Structure formats: C-alpha cells, structure tokens
Amino acid sequence: MKKLIKNREIIEDTWSTVEDIDSPSELPKGNIIVSLAIWQQYAETLKNREDPLGILLASDEEPEVIKNDLDQFAVIAIHFPKFADGRGYTSARELRTYFNYQGEIRAVGDVLRDQLFQMERCGFNSFAVREDRSIEDALNAFNDFSLAYQADTKNPQPLFRR
Amino acid sequence: MYAYTKQDQRIVEERAAQYKDQTHRYLNGDLSDDEFLVLRLQNGLYLQRHAPMLRIAVPPGMLSTKQLRKIAEISRDYDKGYAHISTRQNIQLNWPALEEVPDILQELATVGMHGIQTSGSCIRSTTSDEYAGVAKDEDIDPRPYCEIIRQWSTLHPEFSMLPRKFKISVTGSPKDRAATQTNDIGIQVLSNAEGEIGFQVRAGGGLGRTPILGPVIKDFLPEKHLLTYLDAILRVYNRYGRRDNKYKARIKILVKAMTPATFAEKVEAEWLRNKDSATTLTNEELARIKAFYTPPHYEKLEASQVSFLEQCETNAEFHQWVLTNVSPHKAPGYSIANINLKACATAPGDISAENMELVADLADCYSFGELRTTHRQNLVLADVKQTQLFELWVELYKASLATANLGLITDITCCPGGDFCSLANAKSLPIAEEIQRAYKRIDTANDIGELELNISGCMNACGHHHVGHIGILGVDKKGSEFYQVSLGGCSTDTTSLGKILGPSFTADEVTGVVEKCVNVYLENRQDKERFIDTYRRIGINPFKERAYEKAN
Ligand code: SF4
C-alpha cells in the first residue's frame with residue numbers, strides 16, 4: 001500500500017482516487033477521493049454512501065465551489081500539476097481561514113520535500129510525496145525553520161504580535 | 001537603517017542551512033536540475049554564460065559599512081575581487097562556484113545578508129528611493145514600509161511559487177526615484193487631508209516585453225492595512241495569473257486582461273475577507289520599525305558654509321563634481337554625495353574589493369557608517385557635511401571614484417548583457433564603453449546636460465531601456481547582434497515609455513546614431529530644455545530623419 005505523511009507521521013494511505021467513471025455503480029467501496037466533476041454530477045448518490053468520501057481539486061478549481069458541501073468530505077486533496085505551481089497554497093489557505101474546514105487537506109501530485117514546510121503553513125496536513133522520492137527524508141522538511149514572520153494556519157499571529 | 005533582531009538573524013541562518021542541505025542533495029543527485037533551479041533561484045543563484053551569478057539582497061538599497069566590507073572580503077575569497085551593483089539596488093557576484101555558494105551564504109548571514117528571493121518566481125526584494133530619508137523634496141520616509149514589506153514577503157507561505165517574478169517599489173517623494181510606475185506593485189506613501197499616513201497603490205506596471213505603466217488601483221490605503229491589502233493583491237495574482245506562457249505570466253498581463261477596474265474590485269473583495277485580521281499592522285510595530293529610521297544626530301549648521309563655497313571657487317574639478325554628483329539634503333549644511341561607478345572603460349556598476357573597502361572607510365568617516373545603492377548602479381553617501389565634501393572628493397579622486405557625471409549621458413545604466421548573461425541577444429558593455437568614449441570630455445557631456453541612457457542586452461530589460469531618454473536594446477537578427485534604439489522614455493517626474501526610432505542598427509552604427517540624436521537635440525533645444533523636454537516638444541520625426549538619412 002502507498003505511504004503518506006499525515007500530521008508529520010508516515011502512515012499507510014487507505015484512500016483510492018476516482019477521477020473518471022461512466023456511472024455511479026462503478027464507484028468502489030471503501031475510502032474514495034472523487035474528482036470535482038464526479039462530485040458535481042453524482043452528489044446525491046455520493047452523499048448516501050456509507051464509506052468516507054474525499055474530493056480532489058485541480059489547481060485551477062477553487063474551494064469556493066464546494067464551500068457549502070465541506071461537511072461531506074473527510075479529505076480534500078489538492079493537486080499540484082508541477083511543484084512550482086503555487087495555486088494549491090491559496091486553495092488550502094482559503095479552506096482553513098475562510099471556510100474553516102477542519103478535515104484533512106492533502107497535497108497530491110508533484111509533491112516534494114522542499115515545499116512541505118510552506119504547504120503545512122498554508123493548511124495542508126497530509127502529503128502524498130512523489131513516489132520516486134524518499135518519504136522518510138521528506139519528514140526532515142518540517143524542521144527547516146523554527147519561526148516565520150507571517151501569520152499562517154498553524155500560527156494565526158504574525159511575528160510582530162507574538 | 002534597520003538592525004536585525006535575534007529572530008531576523010535566526011531566519012537568515014536557518015535559510016542558509018537549508019540551502020546548504022539543498023545544494024548537497026543536488027550534488028548527490030537527489031534533486032533534479034529543474035527542482036534545484038527553483039530552489040537556487042530563490043536564493044539568488046543564476047547559472048550564467050560562464051559561471052553562476054549570485055545576487056545578494058540589499059533591502060531597500062541600504063548597506064552598513066560592515067556589510068560592504070564583508071562583500072569585499074567574499075569577492076576576494078570566492079570571486080574575482082569585484083562586485084556589481086544591479087539596477088534593482090542589489091549586489092551581484094559574477095564568478096562564484098556553485099559548490100561554494102552555501103559557504104558564501106553562511107558568511108553573508110554573519111552580517112545579516114542573504115540572497116533570499118533575489119530571483120525566481122516570488123516576491124523580490126523591495127526597492128526604494130536612494131535618497132529616502134534625506135531628500136529635500138520628500139514627504140514621508142518610505143523605508144519603514146520597505147522593511148515591513150521585506151519581513152512580510154520573506155518566505156511567505158502562500159506566495160513562494162507565483163506565476164512569475166514579482167517586484168515592489170516604494171517612494172515617499174513627489175519626484176519618483178523608485179520607478180513605482182514600472183513595478184508589479186508601486187507604492188506612494190502620502191498623507192491625506194486629515195494628516196493620516198496612507199498609500200496610493202499601483203499594480204500591473206512593468207518593463208520587459210510588454211512595458212506598461214501601472215494603473216492606480218487604490219487611491220488611499222490607510223497605513224495599518226498595508227499588509228492585508230498586499231496579501232489580497234498577491235492572492236488574486238497567485239490564483240489567476242497565467243501559468244501557461246511565461247511571457248504572459250506577469251501581473252501586468254492579468255491586470256490588463258481583467259481591466260484595472262475589475263482587477264481593483266477583485267482585490268478589494270479579497271481584501272475585505274482578510275482586512276482587520278491579525279496581519280493588520282499594530283501601532284507598536286509601526287513605531288518599532290520607524291524608530292530604526294529616525295535621522296542621525298545632525299549638527300546644527302549653516303545652510304551654505306563659507307569654506308565650502310571657497311573650495312568650489314578655487315578648484316574647478318571639485319566644483320564640477322559638486323554640480324553633478326551632490327544633491328541637496330534636508331538638513332542644513334549637509335549634502336548627499338553620489339559616488340558614480342561609471343568611469344569610462346569599466347563596466348557600469350562594477351566596483352573592486354579595494355574600492356569597496358575604501359568607500360566603507362569613507363562612509364564611516366563622513367556619513368554615519370551607512371551607504372546606499374541606486375537603481376542607476378551607483379553608490380550614495382547620504383549624510384555628508386558640506387565642509388567635508390572636499391576631503392571626501394580628494395579621497396575619491398585618488399581612487400578614480402570621482403567621476404563627475406551623475407545623470408549625464410555617460411552615466412549609463414547597463415545590464416551585464418552578452419558578456420555574462422546567458423539570456424542576452426547582444427553585448428551591452430562594449431556599447432556603453434564606446435558611448436562613454438565618445439562623450440569623454442566632461443564639458444561636452446555637461447553641455448548636453450541631464451540625459452538618461454539605458455542599455456539592455458535583451459527584452460528582459462534589466463537595463464531599463466524603456467525608460468531611458470535614449471534606450472538601447474540588444475536584438476537578435478538571424479543570429480547576429482543588432483540594437484534597437486528608442487527615445488523619450490523617462491522614469492522620474494512624468495514617467496513615460498520610449499518609442500522605437502526604427503529598424504535596428506549594427507554594433508558599429510549605434511554610437512553614431514546616439515550622436516546624431518544628441519545633435520538634433522542640441523540644434524533644437526530652447527532655453528534650459530533637457531533632451532527629454534526637447535524630444536517631447538518636437539517629437540520623434542526629426543530624430544528619425546537624421547538617424548536614417550543616407551550618407552552622401
Ligand atoms: S536584460 Fe537580458 S541580457 Fe541583460 S541582464 Fe537582463 S536578461 Fe541578461
């Protein structure tokens with residue numbers, strides 16, 4: 001099973017991702033993360049499922065569109081098509097600060113060690129580190145800095161108010 | 001100037017350690033070229049034509065003598081014994097070895113310096129008026145706000161992977177020496193009718209391929225809301241700025257596509273969500289930062305010192321230097337002395353390690369131990385007593401640092417171009433040198449008067465050619481080096497972008513064309529008109545006709 005960093009620990013990833021189906025009957029059992037398109041098309045069916053549900057947002061899909069459904073999702077996965085595409089940082093920050101989402105926010109896609117520190121500050125708490133990279137090594141990223149100037153989702157006061 | 005707290009110091013040290021580890025992993029093969037590229041750029045390291053180039057932040061153009069001495073030392077130990085002042089007031093080393101950069105950054109950290117966010121797609125180091133705090137025409141000192149922006153933008157969690165680079169500039173004078181209209185965000189500090197401090201905010205200005213003057217998106221932003229408003233602009237840009245085409249990725253393209261009014265509305269809506277959050281500046285923080293910029297202890301002096309006037313009368317060369325290189329200071333009896341790094345046959349903005357040390361000594365002796373770098377690639381001693389200008393000049397003169405050409409045609413702003421930069425279309429330094437030679441006689445240059453001549457080696461416009469009264473741009477024509485000449489740009493008072501004269505010229509022709517344009521000006525000028533004034537009055541055609549007239 002794939003591994004994942006969650007809350008700074010390495011765990012097994014129990015979720016599978018479904019991005020493309022022709023009918024809701026194709027949805028597998030267990031923990032699934034569905035694309036925004038699937039959610040928008042089959043929201044009613046998905047709401048009646050027993051197993052936990054997650055949603056996947058592409059980098060250009062704004063949290064705004066799911067803001068009324070947030071309690072449906074145990075996980076919101078935000079996709080990074082390239083590690084240098086920073087839109088996901090804003091998505092996570094919006095979910096935490098403006099929509100007060102408390103569940104898991106997961107970084108998926110081109111997720112690399114050197115970005116984890118900032119991602120965590122924006123509200124991500126789980127990281128599907130790219131599979132060809134050492135996930136153990138990635139854990140070191142959280143110790144890169146011991147303080148920061150700005151307010152963030154972990155530390156709502158900027159340095160000048162602390 | 002701002003002095004680091006323990007916390008500032010810790011952040012810089014941790015950043016240096018992080019980069020050391022990243023370099024190590026890159027050299028081990030654990031980071032790909034593309035991955036390391038983004039990391040090293042955000043620490044100021046470019047890979048150029050011959051060697052890497054390390055850009056060291058000088059925010060906002062303020063340096064202590066201790067810092068300058070450290071750069072001199074580093075340039076000797078790790079480089080070729082000189083450094084270069086960039087058009088964004090930073091300092092560049094042209095020959096460091098990639099493997100040694102972590103050690104250089106560690107050395108720099110000991111004096112509170114770094115290369116953080118001096119390149120890459122992130123918020124770059126903020127620039128300002130080189131005469132901030134001392135200019136006679138200044139309303140409000142912009143430097144505290146630059147420092148507040150520096151802290152906010154340093155390792156900002158949300159904006160480290162923007163669509164493209166992002167430049168902010170702040171001024172507090174009506175005469176804009178900080179090019180606020182050609183930055184991604186340009187901030188003018190001002191006070192309203194009630195006497196409250198605030199900011200006029202522009203967004204979406206820029207040079208490069210698509211030069212645009214930034215439109216005003218907020219007329220008056222109260223002081224304490226500075227950071228929440230900047231957050232809002234950056235959030236809109238991070239979300240909607242184009243990422244599919246790097247030539248269309250700057251905020252100026254977004255503002256233009258949305259229209260400035262719609263963009264301003266978007267920002268306003270975003271701001272309202274975050275306004276009054278904890279990021280709102282407190283009075284204590286504003287007071288804390290401003291305290292670093294209280295004026296030094298000026299002596300009470302007469303505005304015009306007799307001994308100084310005598311020295312001017314008896315020494316023509318000194319007098320000349322005073323006329324061009326010394327600017328009025330707000331404290332009576334003090335002056336702003338400009339040290340021009342534009343001597344003929346040295347690359348504009350270059351300074352040797354020996355001269356850095358000399359200038360540091362002079363700053364300790366005559367200017368409260370502080371220096372400034374300018375966007376025209378010169379240095380400034382901002383607080384010199386008029387009565388000491390002569391001694392200062394003698395020392396500078398001995399070291400060939402007393403070139404009296406500030407603001408004249410030979411005070412050329414020029415990017416490193418094809419001699420160093422791998423993006424260049426053409427060389428820029430030899431062109432600068434040839435023009436400097438043509439106007440070597442100081443009375444000729446003086447007679448021409450104020451003339452900004454800017455040269456860039458490619459359309460990235462690091463030499464700010466669009467805003468030169470005369471701008472020269474290196475272009476590639478079927479694999480050979482050509483130069484496009486433009487006229488009428490201006491980065492101060494009335495900001496304007498230059499107009500292209502016509503088809504481009506070969507390297508051999510450029511200086512001749514510049515001379516022709518200058519002659520047209522000399523023949524047409526009225527009263528005290530500067531080149532730019534005459535150009536604005538008579539238009540481009542007379543210049544065009546002369547530049548392209550057939551030899552007979
Ligand atoms: S303008 Fe072009 S050639 Fe000159 S330094 Fe910038 S990128 Fe290089």
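Keep in mind that this is a model prediction, so the values were computed, not measured.

Basis of the calculations
Residues numbered from 1 in each chain as written. Chains lettered and ligands numbered in written order. Predicted model: local features only at pLDDT ≥ 70, side-chain atom pairs only at ≥ 80, totals over all residues. Heavy atoms only, no water. Pairing = 2+ DSSP bridges. Helix = DSSP H or I, 4+ residues; strand = E, 2+ residues; numbered from the N terminus. Contact = heavy atoms within 4.5 Å. Axes fitted to C-alpha atoms, helices over the stretch in contact; angles between N-to-C directions. Near = heavy atom within 4 Å. Nonpolar A, V, L, I, M, F, W, Y, C, P; charged D, E, K, R; others polar. Domains from an automatic or database assignment. Buried area = accessible area lost by both parts, 1.4 Å probe. Salt bridge = Lys/Arg side-chain N within 4 Å of Asp/Glu carboxyl O. Polar contact = N/O pair within 3.5 Å; in protein donor to acceptor, adjacent residues only side chain to side chain. Buried < 20%, exposed > 50% of the residue type's maximum accessible area, 1.4 Å probe, protein only. Phe/Tyr/Trp six-rings, centres within 6.5 Å; stacked < 30°, edge-to-face > 60°. Arc of directions from axis to C-beta. Patch = residues over 30% accessible without salt bridge, like charges linked within 9 Å, V, L, I, M, F, W, Y side chains within 5 Å. Areas by Shrake-Rupley, 256 points an atom, 1.4 Å probe, with all protein chains shown as cover. Lys, Arg positive; Asp, Glu negative; His and termini not counted. Charge placed at Lys NZ, Arg CZ, Asp CG, Glu CD.

### Some points on the sheet that holds strand β1 (residues 3-6) of chain A
Residue and element names in this part refer to chain A. As summarised here, the arrangement of the 8 strands in space is β2-β1-β8-β7-β6-β5-β4-β3, forming an open sheet in which the pairing is mixed. Only two strands of the sheet have a single neighbouring strand rather than two, namely β2 (9-12) and β3 (16-18). For β3 and strand β4 (residues 32-35), the ladder comprises 3 bridges, and the chain directions are parallel. Across the sheet, residue Thr17 finds its bridge partner in β4, namely Ile33. Taken strand by strand, helix α1 (residues 36-47) contacts β3, β4 and β5 (53-57), and its axis lies near 120° from that of β4.

### Describing the site of the ligand
By nearness alone, every residue bordering the ligand is listed as Cys415, Pro416, Gly417, Cys421, Leu423, Ala424, Ser456, Gly457, Cys458, Asn460, Ala461 and Cys462 of chain B. The residue inventory of the shell around the ligand, partitioned by class, reads 8 nonpolar, 4 polar and no charged.

### Brief notes about the domain arrangement of chain B
Residues and elements named next belong to chain B. Domain boundaries in chain B define domain 1 (6-109), domain 2 (127-292), domain 3 (303-398) and domain 4 (413-547). When each unit is reduced to the centre of its C-alpha atoms, the spacing between domain 1 and domain 4 is 32 Å. If you look at the interface, domain 1 gives 10 residues, while domain 4 gives 12 residues. Both sides of the domain 1 and domain 4 interface together cover about 840 Å² of buried area, and 49% of this is carbon and sulfur. When the area that domain 1 buries against domain 4 is broken down by residue, the three leading residues are Gln48, Arg49 and Thr87, summing to 61%. Viewed at the interface, domain 4 and domain 1 are joined by 0 salt bridges. Our count for the domain 1 to domain 4 interface comes out at 2 residue pairs in polar contact (both at pLDDT 80 or more). Residue classes in the side of domain 1 that touches domain 4 are distributed as 3 nonpolar, 6 polar and 1 charged.

### As for the pairing of strand β15 (residues 379-385) of chain B
All names here are of chain B. With 7 of its 7 residues buried, β15 lies for the most part within the structure. As defined by bridge partners, strand β12 (residues 334-339) adjoins β15 across 5 bridges and the pair is classed as antiparallel. From the neighbouring strand, Ser335 faces β15, where its bridge partner is Val384. Note: strand β14 (residues 370-373) against β15, 2 bridges, orientation antiparallel. Opposite Thr373, over in β15, you have Leu379 as the bridge partner. Remark: 5 residues form the turn of the hairpin made by β14 and β15, two consecutive strands paired antiparallel; Gln377 in that turn has positive phi of roughly 65°.

### Let's talk about the interface of chain A and chain B
At the junction of the two partners, chain A supplies 42 residues and chain B supplies 45 residues. For the interface between chain A and chain B, the tally reads 10 salt bridges. With its nearest N and O atoms 2.9 Å apart, the salt bridge here joins Glu94 of chain A to Arg273 of chain B. Run the count over chain A and chain B and you get 29 residue pairs in polar contact (both at pLDDT 80 or more). By residue number, the principal contributor to the side of chain A that touches chain B is helix α2 (residues 87-98) of chain A, which donates 7 residues. Here the residues of the side of chain A that touches chain B sort into 17 nonpolar, 9 polar and 16 charged.

### As for the pattern of salt bridges
All names here are of chain B. Counted by the stated rule, this structure contains 59 salt bridges over all chains. Here Arg25 makes a salt bridge to Asp21, at a shortest N to O gap of 3.1 Å. In this pair, Arg25 and Asp21 both sit in helix α1 (residues 6-27), 4 residues apart, roughly one turn of the helix. Overall, the relative accessible area of 27% leaves Asp21 in the partly exposed class. Lys70 serves as the salt-bridge partner of Glu107, at 2.7 Å between the closest nitrogen and oxygen. With Glu107 in helix α4 (residues 101-109) and Lys70 in helix α3 (residues 65-78), this pair connects stretches of sequence that are 37 residues apart. Take Lys70: its relative accessible area is 12%, and that puts it in the buried class.

### Focus: the packing of aromatic side chains
Two aromatic rings, taken as a pair, are described by how far apart their centres are and by the angle between their planes. For the structure shown, the criterion picks out 26 aromatic pairs over all chains. Taking 5.7 Å as the distance between ring centres and 50° as the angle between the ring planes, the aromatic pair formed by Phe80 of chain A and Phe124 of chain A counts as tilted. Taken as a pair, Phe80 of chain A in strand β6 (residues 75-80) and Phe124 of chain A in the loop between α3 (113-122) and β8 (126-127) lie far apart in primary sequence, 44 residues in all. Plain terms: the ring middles of Phe166 of chain B and Tyr237 of chain B are 5.4 Å apart, the flat faces sit at 40° to each other, and that makes the pair tilted. With Phe166 of chain B in the loop between α5 (143-153) and β7 (168-171) and Tyr237 of chain B in helix α6 (residues 226-240), this pair connects stretches of sequence that are 71 residues apart. The same class applies to Phe166 of chain B and to Tyr237 of chain B, which are both buried.

### Some thoughts on helix α17 (residues 531-538) of chain B
Residue and element names in this part refer to chain B. Turning to α17, its buried residues are Phe531, Ile532, Thr534 and Tyr535. In a view along the axis of α17, the buried residues occupy a sector of 160°, so they form one face of it. On its buried face, α17 sits against β18 (470-477), β19 (480-487), β20 (499-500), α16 (507-524) and α18 (541-548). The first or second residue beyond α17 is Gly539, which carries a positive phi of 80°.

### A word on the sheet that holds strand β8 (residues 185-191) of chain B
Residue and element names in this part refer to chain B. Taken together, 5 strands build an open sheet; the order of strands is β6-β7-β8-β9-β10 and the sheet is mixed. For this open sheet the edge positions go to β6 (127-128) and β10 (216-222), each flanked by a neighbour on one side alone. Sheet analysis places β6 next to β7, joined by 2 bridges and oriented parallel. Within the sheet, the bridge partner assigned to Thr127 lies in β7 and is Ser169.

### What about a negative patch on the surface?
A surface patch of negative charge is lined by Glu19, Asp20, Asp22 and Glu26 of chain A. Within the secondary structure, Asp20 of chain A sits in the loop between β3 and β4.

### Here we look at the pairing of strand β2 (residues 52-56) of chain B
Residue and element names in this part refer to chain B. The buried fraction of β2 is high, at 5 of 5 residues. Going residue by residue along β2, you find Pro52, Leu54 and Ile56 tucked away on one face and Met53 and Arg55 tucked away on the opposite face as well. Bridge count between strand β1 (residues 45-47) and β2: 3 bridges; the pairing is antiparallel. Along β2, the bridge assignment pairs Tyr46 with Met53. Between β1 and β2, which follow one another and run antiparallel, lie 4 residues. One ladder, built from 3 bridges, connects β2 with strand β5 (residues 91-93); its direction is antiparallel. Residue pairing across strands places Arg55 opposite Gln92, the latter belonging to β5.

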